[in-house]
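# Structural overview for review
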Amino acid sequence: MSDFSYAVDGDGVATITWDVPGKSMNVMSLSGFAELNLLVEMGLTDADVKGIILTSGKKDFAGGMDLNVIAKMKEDGGDEPAQAVFDGVMVMHGVLRKIERAGMDPKTLKGGKPIVAALPGTALGIGFELPLSCHRIIAADNPKAKIGLPEIMVGIFPGAGGTTRLVRKMGAMMAAPYLLEGKLSDPKSARAGGLIDEVVAPDQLLIRAKEWVLGAKDADLVKPWDEKSYKMPGGAPYHPAGFMTFVGANAMVHGKTMGVYPAAKALLGAVYEGALVPFDTALRIEARHFTSVLLNPSSSAMIRSLFINKEALEKGANRPAVADQTVRKLGIIGAGMMGAGIAYVAANAGIEVVLIDAAQDAADRGRAHSESLLDKGIQRRKVTPEKKAEVLARITATTDYAALSGCDLIVEAVFEDMKVKAEVTARVDAATGPDTVFATNTSTLPISDLAKASARPEQFIGIHFFSPVDKMMLVEIIRGKATGDLAVAKALDFVRQIRKTPIVVNDARFFYANRCIIPYINEGIRMVAEGVEPALIENAAKLVGMPLGPLQLVDETSIDLGVKIAKATRLAMGAAYPDGAVDTVLFAMADQGRLGKKSNAGFYAYDAAGKREGLWDGLEAAYPVAKVQPALTEVQHRLLMAQVLEAVRALEDGVLTDIREGDVGAILGWGFAPWSGGPFSWLDIIGAAQAVEICDGLTATYGARFETPALLREMAEKGQTFYARFADRKAA
Ligand code: NAD
């Protein structure tokens, strides 16, 4: 079966239709590329063909490259993976350049055949690089369609000519948001932004494409960069205006990425160096930078976690084999910050919601949260007034438990208190049928203990959302000791409905995400107590790719929450509690009313409007900075290992059963250095032997919390990686 079909009509217009069999979205494979090459060749050499329309047989044009292809190219290269990848990329350049030149005489630029891309819907990655090589891009007016180059989001960059062509088409400054941030546009915005040429009614797409092909002149086929007089819009690097752009972009990218993302650096290199040379040389330069990115372990790890494994988890890689559990009616108890957020995402996904609180005004406030988010959407033109009315109509705010009748899933988000939660559980049990699954959104209380209040513990589960619910993509599903498969499937199907990414973990203190993030915050605070310069702590974290330093993070999540968690943990652990030194600092901050961002005072100082100004200067008075400061890498190792060792222990303890969930959960849940692909990928990048060496060194200086887990030591001895060792246990 072929990915492309070819037909010529009576007017001599050939149509190449992309329609990969058995897939809902076209993705480009190596064999697909070879096929496309043959069909383009056929159209260009057939004297009866006047021009070519390139379109799709599906509702969208294409989702991009099949990223597994890249791994395959590397593998096929044996001892010379870089050469194999480079050669493979150059073949792609050859095909796209053939489309662009379309058989024209290279000297006179005459005699080519017009090739138009007709996009019915979404066109991403190679699905947009291909149209960029055509002579005209026409898109159907389909507001749901997304057009752009999102490669940077998974750790690579547009490497099939997209980088070189877009910069030459619109200039480096204008191309920056599309290349560096992976900005996507609907067809009308894409037209306004200069990405595409025309937007037409969907039923006119092929008619207009054909009309353009038949009316095209020689000059319409020549790309500006193939003309002798070509000048880069906005100026090339040695032009005064271009100089400003390139210097500025360099600083901006390094400021945002802290230099830890190889793809951002390589992209800048390709753009800058490419801008200094003729087009075909620029493509070779792009291919060299692209190859270096594809061979960088960070890129492979990012692709694996953020693309391949994230998608696998969303598609139910760890879903028990029970019948479909799609949620029809959801009950939420507790309409506070979390309950209100959950109501919004569920109603937005088309689920009917009953939102209960102890008092009617509290329930109404919870519903009003959805209203305000929808209003913001209307302001940004992402939501229509009709859509707002529809979503709000799905949320019933009440105090009456009888309204829960018919709910197949309940999410409890009341106060973090065992007794309050137990009472609510009993009331829900009385108001719902035997098939209803009950989920708690607790962040700290053991699921198996909470389940004791339930009449149906096998139907009791944890569904742990992160705040703010509408923005955070991860949902942690927690299996209690008695939780049955049906409840797990229900939770997974619910997460699929609201289009978030699930991980499923077993019940243990702080589950997975909080278990790893709390030691990170604590290590930062501990360093303050030791006299490590606070700016060194914060910058060390950012320079290793953490989105927030530990002190900023605790300010954001609130210092009193930290105090509450510390007190509860101390109570539960007794003499074994290891974080006394941390508490001294944390409790002193709370005693002074420095509760973090919410009180406009914390480890940072804030202005009256709540804007963060800088580290609080009172910190130094309370915790004098030591004369001798640790090396940057030592601080980074402490901050990373504090998190990573918990992830390894969670795997050893059976809290995590799949390292893919450990990696994806870490990046989406608390922003663990995304360039690394997650904690397990990071350990694989540095190697178990080096990890052991780091841990042994830290243990000798700082104590038992850095002790090497037995699993890691064994892996170092055997020379194993996590992804090889656990490949047979569900991991990719
Ligand atoms: P919140 O204080 O904003 O909201 C709690 C709501 O529950 C309030 O509106 C309260 O009136 C209501 N409530 C209390 N007792 C009730 C009862 N008996 N019946 C009905 N309603 C009752 O708290 P929140 O931040 O939304 O947290 C709720 C739960 O989610 C907690 O278990 C918390 O640990 C967990 N959680 C919080 C976060 C976070 O970042 N805030 C993150 C993940 C999980």
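This one's a predicted model, so the numbers in the text were calculated from it and none came from an experiment.

Turning our eyes to something else, we now look at the pattern of salt bridges. Tallied over the entire structure, the rule returns 47 salt bridges. Among the salt bridges present, the one from K388 reaches D375, with a minimum N-O distance of 2.9 Å. With K388 in helix 15 (residues 385–393) and D375 in helix 14 (residues 360–379), this pair connects stretches of sequence that are 13 residues apart. A salt bridge links E646 to R649; the nearest nitrogen and oxygen atoms lie 3.0 Å apart. Taken together, the residues span about one helical turn, with E646 and R649 both in helix 25 (residues 632–652) at a distance of three residues. It is possible to trace a salt-bridge network through shared partners that takes in R97, E100, R101, R165, K223, D226 and D280.

Okay, the site of the ligand next. With respect to spatial proximity, 22 residues lie near the ligand, and among them M338, D357, E416, K421 and S443 are the closest. Within the backbone of M337, one N or O atom sits 3.0 Å away from an oxygen atom of the ligand. Between the ligand and E416, the relevant distance is 2.5 Å, taken from an oxygen atom to a side-chain nitrogen or oxygen of the residue. Counting only elements with at least two residues in the shell around the ligand, the list comes to helix 13 (337–348), helix 16 (418–431) and strand 17 (460–465). Here the residues of the shell around the ligand are counted per class, giving 12 nonpolar, seven polar and three charged.

Looking now at the sheet that holds strand 13 (residues 352–356). The pairing of strands in a sheet happens through backbone hydrogen bonds and is either parallel or antiparallel. Spatially, eight strands are ordered 14-13-12-15-16-17-18-19 in an open sheet, and the strand pairing comes out mixed. In the strand order of this sheet, the two ends are held by strand 14 (395–398) and strand 19 (501–506), each with one partner. If you compare each strand with its neighbour and ignore which way they point, the axes differ by 25 degrees on average. In this structure, strand 12 (residues 329–333) lies alongside strand 13, joined through five bridges in parallel fashion. Bridged to I333 within strand 13 is I356.

With 18 residues, helix 19 (residues 513–530) extends 26 Å from end C-alpha to end C-alpha; this agrees with the ideal 26 Å at 1.5 Å per step. Directly after helix 19, the chain includes G531, whose backbone phi takes a positive value near 95 degrees.

A word on the sheet that holds strand 10 (residues 184–185). The three strands are arranged 7-9-10 in an open sheet whose pairing can be described as mixed. Edge positions in the open sheet fall to strand 7 (123–124) and strand 10, since each of these has one partner strand only. As paired elements, strand 9 (residues 147–148) and strand 10 share two bridges and run antiparallel to each other. Its bridge partner lying in strand 10, G148 is registered against L184.

All right, on to the pairing of strand 13 then. Counting buried residues along strand 13, four of its five residues qualify, which places the element largely inside the surrounding structure. Following the chain from strand 12 across helix 13 to the adjacent parallel strand 13, one finds a crossover that is right-handed. One ladder, built from four bridges, connects strand 13 with strand 14; its direction is parallel. Pairing of V354 across the sheet is with T396, part of strand 14.

With that settled, the discussion passes to the packing of helix 19 against helix 23 (residues 580–591). A pair of packed helices is characterised by two quantities: the angle between their axes and the separation of those axes. Put simply, helix 19 and helix 23 touch, their axes get as near as 8 Å, and they point 80 degrees apart. Between helix 19 and helix 23, the interaxial angle falls into the category roughly perpendicular. On the side of helix 19, the interface is formed by N522, I525, R526 and A529, while helix 23 contributes A581, V582, V585 and L586. Here the residues of the contact of helix 19 with helix 23 sort into six nonpolar, one polar and one charged.

Let's shift gears to the packing of helix 5 (residues 162–170) against helix 11 (residues 279–295). Closest axis-to-axis distance for the helix 5/helix 11 pair is 9 Å, and the angle between their directions is 135 degrees. By the criterion of interaxial angle, the relationship of helix 5 to helix 11 is oblique. Contact residues: G162, T163, T164, R165 and R168 in helix 5; F279, A282, L283 and E286 in helix 11. Class assignment for the residues of the contact of helix 5 with helix 11 results in three nonpolar, three polar and three charged.

Going through the model one piece at a time under the given rule, you end up with 12 aromatic pairs. Between F157 and F290 the ring centres are 5.5 Å apart and the planes differ by 75 degrees, which places this aromatic pair in the edge-to-face class. A residue pair is termed long-range when its members are at least 10 positions apart, and F157 in the loop between strand 9 and helix 5 and F290 in helix 11 qualify at 133 residues. Of the residues examined, F157 reaches a relative accessible area of 0% and is grouped as buried. Judged by centre distance (5.7 Å) and plane angle (70 degrees), the ring pair of F246 and Y272 falls under edge-to-face. Of this pair, F246 sits in helix 9 (residues 240–257) while Y272 sits in helix 10 (residues 262–275); the two residues are 26 residues apart in sequence, bridging distant segments of the chain. You can call Y272 partly exposed: its relative accessible area is 32%. Members of the aromatic cluster, joined through ring pairs, are F4, W18 and F61.

Residue alternation in strand 16 (residues 437–440) divides its side chains into two sets, V437 and A439 and F438 and T440, and both sets are buried. Across four bridges, the pairing between strand 15 (residues 409–412) and strand 16 is parallel. Its bridge partner being in strand 16, E412 is matched across the sheet by T440. For the crossover that starts at strand 15, traverses helix 16 and ends in the parallel strand 16, the hand is right-handed. Sheet topology places strand 16 next to strand 17; three bridges connect them, and they run parallel.

Further remarks concern the nonpolar core. By size, the foremost hydrophobic cluster in this structure holds 175 residues, and its most contacted members are L166, Y512, F603, M641, F680 and F722. Here this core takes 10 residues from helix 25, the largest share from any one element. Among the nonpolar cores identified, the runner-up in size contains 39 residues, and L330, V411, I461 and V488 belong to it.

Reading the values: rules and limits
Residues numbered from 1 in each chain as written. Predicted model: local features only at pLDDT ≥ 70, side-chain atom pairs only at ≥ 80, totals over all residues. Heavy atoms only, no water. Salt bridge = Lys/Arg side-chain N within 4 Å of Asp/Glu carboxyl O. Helix = DSSP H or I, 4+ residues; strand = E, 2+ residues; numbered from the N terminus. Near = heavy atom within 4 Å. Polar contact = N/O pair within 3.5 Å; in protein donor to acceptor, adjacent residues only side chain to side chain. Nonpolar A, V, L, I, M, F, W, Y, C, P; charged D, E, K, R; others polar. Pairing = 2+ DSSP bridges. Axes fitted to C-alpha atoms, helices over the stretch in contact; angles between N-to-C directions. Expected span 1.5 Å × (residues − 1). Buried < 20%, exposed > 50% of the residue type's maximum accessible area, 1.4 Å probe, protein only. Right-handed = clockwise from strand over helix to strand, strands pointing away. Parallel < 35°, antiparallel > 145°, perpendicular 65-115°, else oblique. Contact = heavy atoms within 4.5 Å. Phe/Tyr/Trp six-rings, centres within 6.5 Å; stacked < 30°, edge-to-face > 60°. Core = buried A, V, L, I, M, F, W, Y, C linked by side-chain atoms within 4.5 Å.

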